[in-house]
Amino acid sequence: MMRPATRGVLILLTVALNGWSWLEGGAPTPGFVTPARIPSTGAAPLFHDEFINPDSPHQVSHVASISELPDGSLVTTWYAGSREGARDVAIYMSTRAPADARWSPPRAIVTPESAARDLNRAIKKVGNAVIFADSGRLWLIYVTVSIGGWSGSSLNLTISTDEGLTWTPSQRLTLSPFFNIAELVKNAPVALSDGGWAVPIYHELAGRFPEVLWLRERMGEIRATKSRMSAGWFGYQPALTPLTANRALALLRDDGVGKAVSVARTEDAGHTWSPPQPLDLPNPDSGLDAISLTDRRLLLAFNDSAKGRENLRLAMSADEGRTWARVATLAEEPGADFSYPFLMQTRNGDVHIVYTWKRKAIKHIVFNAAWLDARRTDTTQ
Amino acid sequence: MNLHAVTEWLSAVCPWLVLVLCLQRAVGWRGWTLRGWGLLLWPGAIALGVLLLPIKGIVIARWVAGISANVSIPFAGMLAVAVWERAFRRRVFSLRDWDAGWSFGAISGLALYPLALGVGSVDPYEWGWRFSPLFVVMGALTGWLIWKQSWFGCLLLLAVIAFHLRLLESSNYWDYLLDPIYSLVSFIAVGRRLAAHVRGGVWLPRGAP
């Protein structure tokens, strides 16, 4: 039996502790950081393509990402191994300084063993990874699986302050109440005005749906929360594309019967989203990516087919994603697989894309707005 | 011991308590006359030894954490009560306390998991990261249970204390209140209780002496 005074104290404690979060208050809602507008300079068209890992000893290379370091160097990551989901798959990194002619030899930065050591738990395999940079750090979010297939994925974060030479011990991000599984990442984050990040992620268990992972630093600690982008079961792997500080769109991969790229929109910096609407662009249940260019046009890289990944095309929109025009074919070959594009525009205005080339290698293409414009005039819209 | 280590040890509490409970039941089946501290310490030591066995360089406790790293405080507390009651043959929780615990696990599980896994556009899991109706409901429920002299209310109070101390890997309040295994066991317990009620009998929970 509890005495009335004891009960009173415990009830006061209950009220105080449950009300404490209210007293802490919510931080002001940060907006998206949009790329600075860069006027066209009349530069000559630029187009260059190359393999990042041409001599890869692995049977499979997949899910590449790319980022720019403060000195203009490029850094890419991807995973490679004997097959997707194999225990020998590791996450590799390669860099290229502005003066370098070639990419550095790939270096494994996360293996199942290193992840198991960092997280102090069994890790069966590693998967999708996305790298991104702020003014002085490289961030890597990557997938690990302890049990089962990709539905058993959890997300982890590690940071490098020496341009990828060394990494902090990985931190597990708890994002789901159900054994913290079924959370994956594919596309690039968008910087927030308070220094945080909005990372497009997705849930994949019974159904598939897009989400936003919010990363914020608070008193030296990185806090991870998430919010749902949309309900439904078929739209996932969002590509988050800011239009203004509060407005953005998310283009979604489709594994439903519609077989079309769909788009969801936000007017309040990602906190609420419109229901996804299909676009007049096909999607064969394959990854895509989109970015806001510095001239405010939107650029989309996607498999332009409802059936397979035999081509990789670029489309552009000048009206905030309402209509799209195909502008270029980056790869096309019957029976081949060109997939998982990842786009980035560097500070000098060049656009970079990395993608999976026939599952064997990672291809890197760089072009500029002049090349895009030249292609656009060549292409039937 | 830093907070990270505390978090890792706490993730092993539920597996340890489950193992202790199983060993206590095994002792009962074998007809051994172990009681009191003996029935607490011996199974506790054996369970600890098992969980510290390394497999491929990782102790079993951390293998379990690979599947479920966040143990809810109420479930851990209920397991601890069951272990204590079985060892000392003394009732700590009344039948009403057990009912409150299983009902909370079942109802909150029903409210959380389907929505968090994608049914509908609302994700109540988001409520656990910032002040939200979850905190209001839990404050009211915990206060009411304590006023009604329910020991389960004290477990809910421990959960919010643990949340503020960030004793689990998660920073989400839901993970301090609930976990899928607790919810599953609660569904089974509530189902058995209802079935017994329908048959006109009374079913006592396993932890009850």
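Everything quoted here is computed from the prediction, not taken from an experiment.

**Here's the deal with the overall build of chain A**
Turning to step 1, where the next piece is worked out: Broken down by element type, chain A carries 3 helices and 25 strands.
Turning to step 2, where the next piece is worked out: Rg of the C-alpha trace for chain A: 22 Å, near the compact-globule value of 21 Å for 381 residues, within the 12% margin.
Turning to step 3, where the next piece is worked out: If you line up chain A on its principal axes, its C-alpha atoms span 85 × 45 × 45 Å.
Turning to step 4, where the next piece is worked out: Within chain A, the proportion of its 381 residues that are buried is 48%.

**Brief notes about the packing of helix α5 (residues 73-88) of chain B against helix α8 (residues 151-165) of chain B**
In a packed pair of helices, the relevant descriptors are the angle between the two axes and the axis-to-axis distance.
All names here are of chain B.
Turning to step 1, where the next piece is worked out: Contact geometry of α5 with α8 gives a least axis separation of 8 Å together with a crossing angle of 135 degrees. Accordingly, the angle class assigned to the pair α5 and α8 is oblique. As for how α5 packs across α8, the hand of that crossing is right-handed. Contact with α5, carried on its side by Ile73, Pro74, Gly77 and Met78, involves Phe152, Leu155, Leu156, Leu158, Ala159 and Ala162 of α8 and no other residues of that element.
Turning to step 2, where the next piece is worked out: The class makeup of the residues in the contact of α5 with α8 is 9 nonpolar, 1 polar and no charged.

**Side note on the packing of helix α7 (residues 133-147) of chain B against α8 of chain B**
Residue and element names in this part refer to chain B.
Turning to step 1, where the next piece is worked out: Where α7 meets α8, the axes come as close as 7 Å, and the angle between the chain directions of the two elements is 145 degrees. For α7 against α8, the interelement crossing comes out left-handed. Together, Met138, Leu141, Thr142, Leu145 and Ile146 of α7 and Phe152, Gly153, Cys154, Leu156, Leu157 and Val160 of α8 make up the contact between the two elements.

**Remarks on the interface of chain A and chain B**
You'll often see interface size given as the accessible area lost when the parts meet.
Turning to step 1, where the next piece is worked out: Residue-level contacts link 40 residues of chain A with 44 residues of chain B.
Turning to step 2, where the next piece is worked out: Those elements that provide at least two residues to the side of chain A that touches chain B are α1 (4-24) and β14 (221-228) of chain A.
Turning to step 3, where the next piece is worked out: Of all the elements, α1 of chain A adds the most residues to the side of chain A that touches chain B, at 12 residues.

**What about the sheet that holds strand β21 (residues 311-317) of chain A?**
Residue and element names in this part refer to chain A.
Turning to step 1, where the next piece is worked out: Pairing is antiparallel across the open sheet formed by 4 strands, whose spatial order is β19-β20-β21-β22. With one partner strand each, in any of the chains shown, β19 (289-292) and β22 (325-332) form the two edges of the open sheet. With strand direction ignored, the average angle separating the axes of adjacent strands in the sheet is 15 degrees.
Turning to step 2, where the next piece is worked out: As judged from the 6 bridges shared by β21 and β22, these two strands associate in the antiparallel manner. Bridging across to β22, Leu312 finds its partner in Ala331.

**Some remarks on the nonpolar core**
Residue and element names in this part refer to chain A.
Turning to step 1, where the next piece is worked out: Counting 101 residues, the largest nonpolar core has Ala250, Leu251 and Leu300 as its most contacted members.
Turning to step 2, where the next piece is worked out: In terms of residue count, strand β7 (residues 138-145) provides more of this core than any other element does, 6 residues in total.
Turning to step 3, where the next piece is worked out: Excluding residues within four positions of it along the chain, Leu300 makes contact with Leu251, Leu288, Ala290, Leu314, Ala315 and Trp324.

**Quick word on the environment of Asp289 of chain A**
Residue and element names in this part refer to chain A.
Turning to step 1, where the next piece is worked out: When you line up the elements, Asp289 lands in strand β19.
Turning to step 2, where the next piece is worked out: With 27 C-beta atoms counted inside 10 Å, the residue Asp289 sits in the buried group.
Turning to step 3, where the next piece is worked out: C-alpha separation for the pair Asp289 and Thr168, spaced 121 residues apart in sequence, amounts to 28 Å.
Turning to step 4, where the next piece is worked out: Excluding its chain neighbours within four sequence positions, the residues that come into contact with Asp289 are Asn187, Ala239, Ala301, Pro341, Phe342 and Leu343.

**Here's the deal with the sheet that holds strand β4 (residues 90-96) of chain A**
All names here are of chain A.
Turning to step 1, where the next piece is worked out: The antiparallel open sheet is built from 4 strands, whose spatial order is β2-β3-β4-β5. If you trace the sheet from one side to the other, it starts and ends with β2 (60-68) and β5 (107-110), each paired once. Neighbouring strand axes in the sheet, compared pairwise and without regard to direction, differ in orientation by 35 degrees on average.
Turning to step 2, where the next piece is worked out: Across 7 bridges, the pairing between β2 and strand β3 (residues 74-81) is antiparallel. Following the sheet pairing, Ser65 is matched in β3 by Thr77.

**A look at unusual backbone geometry**
Turning to step 1, where the next piece is worked out: A positive phi angle, close to 50 degrees, is found at Tyr340 of chain A, a residue other than glycine.
Turning to step 2, where the next piece is worked out: Within the fold, Tyr340 of chain A resides in strand β23 (residues 338-345).

**A short note on the confidence of the model for chain B**
Turning to step 1, where the next piece is worked out: For chain B, mean pLDDT is 90; residues scoring 70 or higher make up 95% of the total.
Turning to step 2, where the next piece is worked out: The complex prediction reports pTM at 0.93, with the ipTM value standing at 0.92.

**Remarks on the pairing of β4 of chain A**
Residue and element names in this part refer to chain A.
Turning to step 1, where the next piece is worked out: With 5 of 7 residues buried, β4 is to be regarded as a mostly interior element.
Turning to step 2, where the next piece is worked out: Direction of pairing for β3 relative to β4: antiparallel, over a ladder of 7 bridges. For Leu74, the partnering residue across the bridge sits in β4 and is Arg96.
Turning to step 3, where the next piece is worked out: Here β4 pairs with β5 via 3 bridges, running antiparallel. The partner of Met93 across the bridge, within β5, is Arg107.

Calculation rules
Residues numbered from 1 in each chain as written. Chains lettered and ligands numbered in written order. Predicted model: local features only at pLDDT ≥ 70, side-chain atom pairs only at ≥ 80, totals over all residues. Helix = DSSP H or I, 4+ residues; strand = E, 2+ residues; numbered from the N terminus. Rg over C-alpha atoms; globule rule 2.2 N^0.38 Å. Buried ≥ 20, exposed ≤ 12 C-beta atoms within 10 Å, placed from the backbone. Axes fitted to C-alpha atoms, helices over the stretch in contact; angles between N-to-C directions. Parallel < 35°, antiparallel > 145°, perpendicular 65-115°, else oblique. Left-handed = near helix turned anticlockwise from the far one by under 90°. Contact = placed C-beta atoms within 7 Å. Nonpolar A, V, L, I, M, F, W, Y, C, P; charged D, E, K, R; others polar. Pairing = 2+ DSSP bridges. Core = buried A, V, L, I, M, F, W, Y, C linked by C-beta atoms within 7 Å. pLDDT = per-residue confidence, 0-100.

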